[in-house]
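Okay, here's what each chain looks like letter by letter:
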Amino acid sequence: MTLDNIKEEIDRAGKIVILTHESPDGDAVGSSLAMYNALKQLNKQVDLIIPEYPETFNFLKGAEEIKKEGDTYYDLAIALDAADIKRLNGFAKYFEEAKVTINIDHHGSNKMFADYNFVNPDAPACCQILILVLEFLGVNITKEIGTCLLTGIITDTGGFKYAGTSKETFEFTSWLLSIGVNVSEVYRRVLEIRTKGNFALMRLAIDRLELLEQGKIAFTYITKEDEQKVQAKNGDHDGLVDIGRTIEGVEVSILLREADGFFKGSLRSNEYVNVSDVCMMFGGGGHMRAARMLNSSTTFRSKRKVNS
């Protein structure tokens, strides 16, 4: 059984590293910090490496201990909320060079790239899976760990409004509430508070938004120049792709964001389009209703006009 193997490898490991995908969202940061705090509770020597993440999540316990770089060798590497080793980007080396690897995820497009893979595509968030994993490991899920877990659940369910939200999601949330997690405060911090940079980029994205294919597709973009002009910080582009999805009649919302000479694409859909299949054609992936294209040779080069 995979959970037995995971527990065995964690028990025997000396040095452990936790990794997640590039451009991390609340589920990536929340699941990583939940695992980090859990392993510290188990008296394990552990590093959490996330080179850049949105300041929105600085309220989570252990955020100040996140590292930009790690050591040269680890006994065990744990990847969270990453469907493909490519999504670990520049710090995949820590995963590849570790003695043993574990992959815990909820994406249907997961490549099963670790020695031990615990993947549940039916779960709306990696953090929802992690509740079961931590309980199996014998971790005491404290209010602080629970807050990390709820951050991921609220983020990836869009505040419990996305189709993947399940009965179990509300049962887990109710249980987290019972141990002292402030659900309304986490919701406010994660979904309702906008940074000034995010607000400025949102205005630009709305001004440029176009409706295509008889209003079924909403398209917009932001450039590197835009981000520099508004002094945007890491994560300030989060949520911009959802603007188009809220328009009546729109099925697919597309956001292109310039990054290092390319445009990365984020897609969202409402009812019937599987945007994960579309993004997989461009080296990316994700969920049926939320996916992104990776920065690869197949993405759009920024020297092309994005509105052509």
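Quick caveat: nothing in here was measured; it's all calculated off a predicted structure. (Residues numbered from 1 in each chain as written. Predicted model: local features only at pLDDT ≥ 70, side-chain atom pairs only at ≥ 80, totals over all residues. Heavy atoms only, no water.)

## Describing the environment of Val119
Heads up, the condition is: Each helix corresponds to a stretch of at least 4 residues labelled H or I by DSSP, and each strand to a stretch of at least 2 residues labelled E; elements are numbered beginning at the N terminus. Contact between two residues is taken to exist if any of their heavy atoms lie within 4.5 Å; hydrogens are not considered.
Summarising the element assignment, Val119 is placed in strand β5 (residues 116–119). Along the backbone, Val119 and Thr101 are 18 residues apart, and their C-alpha atoms lie at a distance of 14 Å. With near-sequence residues (within four places) excluded, Val119 lies in contact with Asn103, Asp105, His107, Asn110 and Met112.

## Considering the environment of Arg188
Inspection of the secondary structure puts Arg188 in helix α7 (residues 183–192). Linking Arg188 and Gly159, residues 29 residues apart in sequence, is a C-alpha distance of 9.9 Å.

## So, helix α5 (residues 143–156)
The condition is simple: Here the expected span of a helix is defined as 1.5 Å times the quantity of residues minus one.
With 14 residues, α5 ought to run about 20 Å at 1.5 Å a step, and its terminal C-alpha atoms sit 20 Å apart, in line with that. If you follow the buried residues of α5, they end up packed against α2 (26–41), α4 (126–136), α6 (167–178) and α7. Backbone geometry just after α5 places Gly158 at a positive phi near 60 degrees.

## What about the confidence of the model for the protein chain?
Spelled out, the test is: As a per-residue measure, pLDDT tells how confident the predictor is, with possible values from 0 to 100.
In the predicted model, the protein chain carries a mean pLDDT of 91, and 94% of its residues have values of at least 70. In the predicted structure, residues 296–308 sits below a pLDDT of 50 and forms 25 contacts with residues beyond four places in sequence or in another chain.

## Description of the packing of aromatic side chains
For clarity, the cut-off: Pairs were defined over the aromatic rings of Phe, Tyr and Trp, the Trp ring being its six-membered one, requiring ring centres within 6.5 Å. Orientation was assigned from the angle between planes: stacked under 30 degrees, edge-to-face over 60, tilted for the rest. Ring-over charges, as used throughout, are those where CZ of Arg or NZ of Lys falls within 6 Å of the ring centre and within 35 degrees of the ring normal.
Overall, the coordinates contain four aromatic pairs when judged by the stated rule. When the centroid spacing of 6.3 Å and the interplanar angle of 80 degrees are considered together, the rings of Tyr74 and Tyr94 count as edge-to-face. On the criterion of sequence distance, the pair formed by Tyr74 in the loop between β2 (45–48) and β3 (76–80) and Tyr94 in helix α3 (residues 92–96) is long-range, its members being 20 residues apart. Positioned over the ring face of Tyr74 is Lys15, at 5.3 Å from the centre of the ring.

## What to know about the environment of Lys86
With respect to the secondary-structure elements, Lys86 resides in the loop between β3 and α3. Measuring from C-alpha to C-alpha, the distance between Lys86 and Gly283 comes to 9.4 Å, with 197 residues separating the pair along the chain.

## Things to note about the sheet that holds β2
Note the cut-off: What makes two strands pair is DSSP finding at least two bridges between them. To obtain each axis, a line is fitted to C-alpha atoms, and for helices this fit is confined to the stretch in contact; angles are then taken between N-to-C directions over 0 to 180 degrees.
Spatially, the five strands line up as an open sheet ordered β2-β1-β3-β4-β5, and their pairing is parallel. This sheet does not close on itself; its edge strands, each paired only once, are β2 and β5. With strand direction ignored, the average angle separating the axes of adjacent strands in the sheet is 15 degrees. Most of the contacts of helix α1 (residues 2–12) go to β5, to which it runs at about 125 degrees, and overall it touches β1 (15–20), β3, β4 (100–105) and β5. Strands β1, β2, β3 and β4 of the sheet are contacted by α2, whose axis makes an angle of about 165 degrees with β1.

## A few points about the pairing of β2
Just so we agree on the cut-off: With the strands aimed away from the viewer, a crossover counts as right-handed if its path from the first strand over the helix to the second runs clockwise.
Bridge count for β1 against β2 is four bridges, and the pairing is parallel. Bridge pairing in β2 places Ile18 opposite Leu48. Handedness of the crossover joining β1 and β2 through α2: right-handed.

## Points about the packing of α2 against α5
Rules: For this classification, under 35 degrees means roughly parallel, over 145 means roughly antiparallel, 65 to 115 means roughly perpendicular, and everything else is oblique. Put simply, a crossing is left-handed when the front helix is turned counterclockwise from the back one by less than a right angle, and right-handed when it is turned clockwise. By the convention adopted, Pro, Cys, Tyr, Trp, Phe, Met, Ile, Leu, Val and Ala count as nonpolar, Lys, Arg, Asp and Glu as charged, and the other residues, Gly among them, as polar.
At their nearest, the axes of α2 and α5 sit 7 Å apart, and the two run at 160 degrees to each other. Considering the angle they form, α2 stands roughly antiparallel to α5. For the element pair α2 and α5, the recorded crossing hand is left-handed. Counted together, Gly26, Asp27, Gly30, Leu33, Ala34, Asn37, Ala38 and Gln41 of α2 and Ile145, Cys148, Leu149, Thr151, Gly152, Thr155 and Asp156 of α5 form the full contact between these two elements. Grouping the constituent residues of the contact of α2 with α5 by class yields six nonpolar, seven polar and two charged.

## Considering the side chain of Thr155
Rule in force here: Any residue under 20% of the maximum accessible area for its type is buried, any over 50% is exposed, and the rest in between are partly exposed; the area is computed with a 1.4 Å probe on protein chains only. Nitrogen and oxygen atoms within 3.5 Å of one another constitute a polar contact, given that in protein one can donate a hydrogen and the other can accept it, and given that sequence-neighbouring residues count only through two side-chain atoms.
Relative to the assigned elements, Thr155 resides in helix α5. Look at Thr155 and you get buried, because its relative accessible area is 18%. Polar side-chain contacts of Thr155 include one of 2.7 Å to the backbone oxygen of Thr151.

## Points about the nonpolar core
In plain terms, the rule: To qualify as a nonpolar core, a set must consist of buried Ala, Val, Leu, Ile, Met, Phe, Trp, Tyr and Cys residues joined through side-chain atoms within 4.5 Å.
Among the nonpolar cores identified, the biggest contains 52 residues, and Ile10, Met35, Ile78, Ile104, Leu130, Leu134 and Leu149 are the most heavily contacted of them. In contact with Ile104, not counting residues within four places along its chain, are Met35, Ile78, Ala79, Leu80, Asp81, Phe118, Cys126, Ile129, Leu130 and Val133. Within the second largest apolar cluster, 15 residues are counted, among which are Val17, Ile49, Ala92 and Phe113.

## Quick look at the pattern of salt bridges
Operational definition: Salt bridges are defined by distance alone: a side-chain nitrogen of Lys or Arg within 4 Å of a carboxyl oxygen of Asp or Glu.
One pass over the structure, following the stated rule, counts 14 salt bridges. A salt bridge links Lys15 to Asp71, with the nearest nitrogen and oxygen atoms 2.9 Å apart. Placement of Lys15 in strand β1 and of Asp71 in the loop between β2 and β3 is noted, with a sequence separation of 56 residues between them. Linking Glu171 and Lys167 is a salt bridge whose minimum nitrogen-to-oxygen distance equals 3.9 Å. Taken together, the residues span about one helical turn, with Glu171 and Lys167 both in helix α6 at a distance of four residues. Among the residues examined, Lys167 registers a relative accessible area of 60% and is labelled exposed. Among the ionic contacts, a cluster of salt bridges with common partners joins Glu8, Glu9 and Arg12.

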